[in-house]
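Report on the structure
Below, each chain spelled out in residue letters.
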Amino acid sequence: QVQLVESGGGLAQPGGSLRLSCAASGRTFSSYDMGWFRQAPGKEREFVAAITWSGGSTKYADSVKGRFTISRDNAKNTVYLQMHSLKPEDTAVYYCAANLGRRVLLPTTPGGYDDWGQGTQVTVSS
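Remember, predicted model here, so these are calculated numbers, not experimental data. (Residues numbered from 1 in each chain as written. Predicted model: local features only at pLDDT ≥ 70, side-chain atom pairs only at ≥ 80, totals over all residues. Heavy atoms only, no water.)

**Observations concerning the sheet that holds strand S7 (residues 68-73)**
- Strands sit in the order S1-S3-S8-S7 across an open sheet of four strands; the sheet is antiparallel. The open sheet has two edge strands, strand S1 (3-7) and S7, and neither has a second partner. Averaged over neighbouring strand pairs, the angle between their axes works out to 15 degrees when direction is ignored.
- With six bridges joining them, S7 and strand S8 (residues 78-83) adopt antiparallel strand pairing. Counterpart to Arg-72 in the pairing with S8 is Val-79. (Pairing = 2+ DSSP bridges. Helix = DSSP H or I, 4+ residues; strand = E, 2+ residues; numbered from the N terminus. Axes fitted to C-alpha atoms, helices over the stretch in contact; angles between N-to-C directions.)

Quick look at the structure:
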């Protein structure tokens with residue numbers, strides 16, 4: 001089991017930036033892959049980005065490609081989501097998730113992840 005705590009959400013203007021952090025504990029951080037998802041009101045949880053245990057491979061949803069960057073610092077047990085050029089449609093609760101079993105490389109569905117954080121709200125509005 002892994003405990004995950006997100007932070008860094010808040011209000012941003014269109015075109016602005018935010019950086020989300022997700023601190024992990026409970027299992028050696030460098031042994032599992034990580035992902036970010038988001039969920040807007042009335043919508044299903046959707047994939048945003050994922051990164052392998054080493055940081056050597058990443059994957060992004062088409063909607064955020066070129067604007068968001070996922071990274072990790074294994075020494076700090078933390079994964080990040082740097083978000084630039086934010087749009088109102090990026091408004092959602094953002095969740096980090098741990099892929100402990102690594103049965104699938106960088107899964108893009110929630111079922112591919114084992115443990116989740118509580119989420120952090122991101123609101124993009126002028």
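**Topic: the nonpolar core**
- Of all hydrophobic cores here, the largest spans 36 residues; its most connected members are Met-34, Trp-36, Leu-81, Met-83 and Tyr-94.
- Ignoring sequence-local partners within four residues, the contact set of Met-83 consists of Gly-16, Ser-17, Leu-18, Leu-20, Arg-67, Phe-68, Tyr-94 and Val-122. (Core = buried A, V, L, I, M, F, W, Y, C linked by side-chain atoms within 4.5 Å. Buried < 20%, exposed > 50% of the residue type's maximum accessible area, 1.4 Å probe, protein only. Contact = heavy atoms within 4.5 Å.)

**Some remarks on the state of the cysteines**
- Tallying each qualifying case throughout the model produces one disulfide.
- Here Cys-22 connects covalently by a disulfide to Cys-96, the sulfurs 2.0 Å from one another. Across the S-S bond of Cys-22 and Cys-96 the torsion is about 55 degrees, and the bridge reads as right-handed. In this pair, Cys-22 sits in strand S3 (residues 18-25) while Cys-96 sits in strand S9 (residues 92-99), placing the two residues 74 residues apart along the sequence. (Disulfide = S-S within 2.5 Å.)

**A word on the pairing of S8**
- Of all six residues that make up S8, five are buried, and the element is covered over most of its length.
- Looking at chain direction, S3 and S8 are connected through six bridges and run antiparallel. Bridging from a neighbouring strand, Leu-20 pairs with Leu-81 of S8.
- Between S7 and S8, which pair antiparallel in sequence order, lie four residues; one of them, Asn-77, sits at a positive phi of approximately 55 degrees.

**A short note on the packing of aromatic side chains**
- Going through the model one piece at a time under the given rule, you end up with five aromatic pairs.
- Measuring from ring centre to ring centre gives 5.2 Å for Phe-37 and Tyr-113, while their planes differ by 80 degrees; the resulting arrangement is edge-to-face. Here Phe-37 is found in strand S4 (residues 33-39), whereas its partner Tyr-113 is found in the loop between S9 and strand S10 (115-116), with 76 residues between them in sequence. Both residues of the pair, Phe-37 and Tyr-113, belong to the buried class.
- The ring of Tyr-95 is capped by Arg-45, whose NZ or CZ atom sits 3.8 Å from the centre of that ring.
- The ring of Trp-116 carries Arg-45 above its face, with NZ or CZ at 4.8 Å from the centroid. (Phe/Tyr/Trp six-rings, centres within 6.5 Å; stacked < 30°, edge-to-face > 60°. Lys NZ or Arg CZ within 6 Å of the ring centre and 35° of its normal.)

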